Amino acid sequence: VDVGILVWNLISRSHGLAAAMALHHIQTGDTSLVSLEPDTTVCRNITVVAADTLGSPQQAVEYAIKWNTNVDFIMGAARSAVSGVLSLATSIYDVPVVSYGSTAATLSDSTLYPAFQR
């Protein structure tokens, strides 16, 4: 599984690093950070690629184009203004965008933003 993580500022960088650490713990079976149910099937092949959008929709789209189908999903961005545009760009490649911080209600409309998930 290849994951693209988009960050913007110190807070979202912390979230991105936390996500990367959680993915690493899942990958290695280390339950000190992430609890796993018994008999959980774990993907042991996870690659994380991180990039800074600088809070810019254009920068996020540039990374999406660069990554195209080389990532299985993109985590981020933390801003709705970036996530909306990003998910439109990634829908071309069928790459979902999962955001932990975007709160705009319009992003919940899957007809407008088919690649966006919360």
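How each quantity is defined
Residues numbered from 1 in each chain as written. Predicted model: local features only at pLDDT ≥ 70, side-chain atom pairs only at ≥ 80, totals over all residues. Heavy atoms only, no water. Helix = DSSP H or I, 4+ residues; strand = E, 2+ residues; numbered from the N terminus. Rg over C-alpha atoms; globule rule 2.2 N^0.38 Å. Buried < 20%, exposed > 50% of the residue type's maximum accessible area, 1.4 Å probe, protein only. Arc of directions from axis to C-beta. Contact = heavy atoms within 4.5 Å. Polar contact = N/O pair within 3.5 Å; in protein donor to acceptor, adjacent residues only side chain to side chain. Core = buried A, V, L, I, M, F, W, Y, C linked by side-chain atoms within 4.5 Å. Phe/Tyr/Trp six-rings, centres within 6.5 Å; stacked < 30°, edge-to-face > 60°. pLDDT = per-residue confidence, 0-100. Axes fitted to C-alpha atoms, helices over the stretch in contact; angles between N-to-C directions. Parallel < 35°, antiparallel > 145°, perpendicular 65-115°, else oblique. Left-handed = near helix turned anticlockwise from the far one by under 90°. Nonpolar A, V, L, I, M, F, W, Y, C, P; charged D, E, K, R; others polar.

### A short note on the overall build of the protein chain
Line of reasoning, step 1. In terms of regular secondary structure, the protein chain is built from three helices and five strands.
Line of reasoning, step 2. Start at the N end of the protein chain and walk to the C end: the helices and strands fall as β-α-β-α-β-α-β-β.
Line of reasoning, step 3. Computed over the C-alpha atoms, the radius of gyration of the protein chain is 14 Å, within 12% of the 13 Å expected from 2.2 N^0.38 for a compact globule of 118 residues.
Line of reasoning, step 4. Oriented by its inertia axes, the alpha-carbon framework of the protein chain measures out at about 40 × 30 × 30 Å.
Line of reasoning, step 5. The buried share of the protein chain, taken over its 118 residues, is 36%.

### Topic: helix α2 (residues 57-67)
Because an α-helix completes one turn every 3.6 residues, residues spaced three or four positions apart along the sequence face the same direction.
Line of reasoning, step 1. Taken together, the buried positions of α2 are occupied by Ala60, Val61, Tyr63, Ala64 and Trp67. All buried residues of α2 project into a common sector of 160 degrees when viewed along the axis, lining one side. Exposed side chains of α2 directed beyond 90 degrees from the buried face belong to Gln58 and Lys66.
Line of reasoning, step 2. On the buried face of α2, the contacting elements are β1 (2-7), β2 (47-52), β3 (73-75) and α3 (80-90).
Line of reasoning, step 3. Of the residues that open α2, the one with a side-chain oxygen 3.2 Å from the backbone nitrogen of Gln58 is Ser56.

### Describing the nonpolar core
Line of reasoning, step 1. Ranked by internal contacts, the top residues of the largest apolar core, which has 16 residues, are Leu6, Trp67, Ile74 and Leu86.
Line of reasoning, step 2. In terms of residue count, the dominant contributor to this core is α2 (four residues).
Line of reasoning, step 3. With seven residues, the next largest nonpolar core counts Val3, Leu23, Ile46 and Met75 among its residues.

### Brief notes about the packing of aromatic side chains
Line of reasoning, step 1. What the rule picks out here adds up to one aromatic pair.
Line of reasoning, step 2. With a centroid separation of 5.7 Å and 35 degrees between ring planes, the pair formed by Tyr63 and Trp67 is classed as tilted. Of the two residues, Tyr63 and Trp67 are both situated in helix α2; the distance of four residues between them amounts to about one turn of the helix.

### Let's talk about the confidence of the model for the protein chain
Line of reasoning, step 1. In the predicted model, the protein chain carries a mean pLDDT of 82, and the fraction of residues at 70 or more is 92%.
Line of reasoning, step 2. The lowest-confidence element of the protein chain is helix α1 (residues 10-28), averaging 71 in pLDDT; the highest-confidence one is α3, averaging 93.

### A word on the packing of α2 against α3
Line of reasoning, step 1. Closest axis-to-axis distance for the α2/α3 pair is 9 Å, and the angle between their directions is 30 degrees. In terms of axis orientation, α2 runs roughly parallel to α3. Crossing angle aside, the handedness with which α2 passes α3 is right-handed. Across the interface between the two elements, Pro57, Ala60, Val61 and Ala64 of α2 pack against Ala81, Val82, Val85, Leu86, Ala89 and Thr90 of α3.
Line of reasoning, step 2. For the contact of α2 with α3, a count of residues per class yields nine nonpolar, one polar and no charged.

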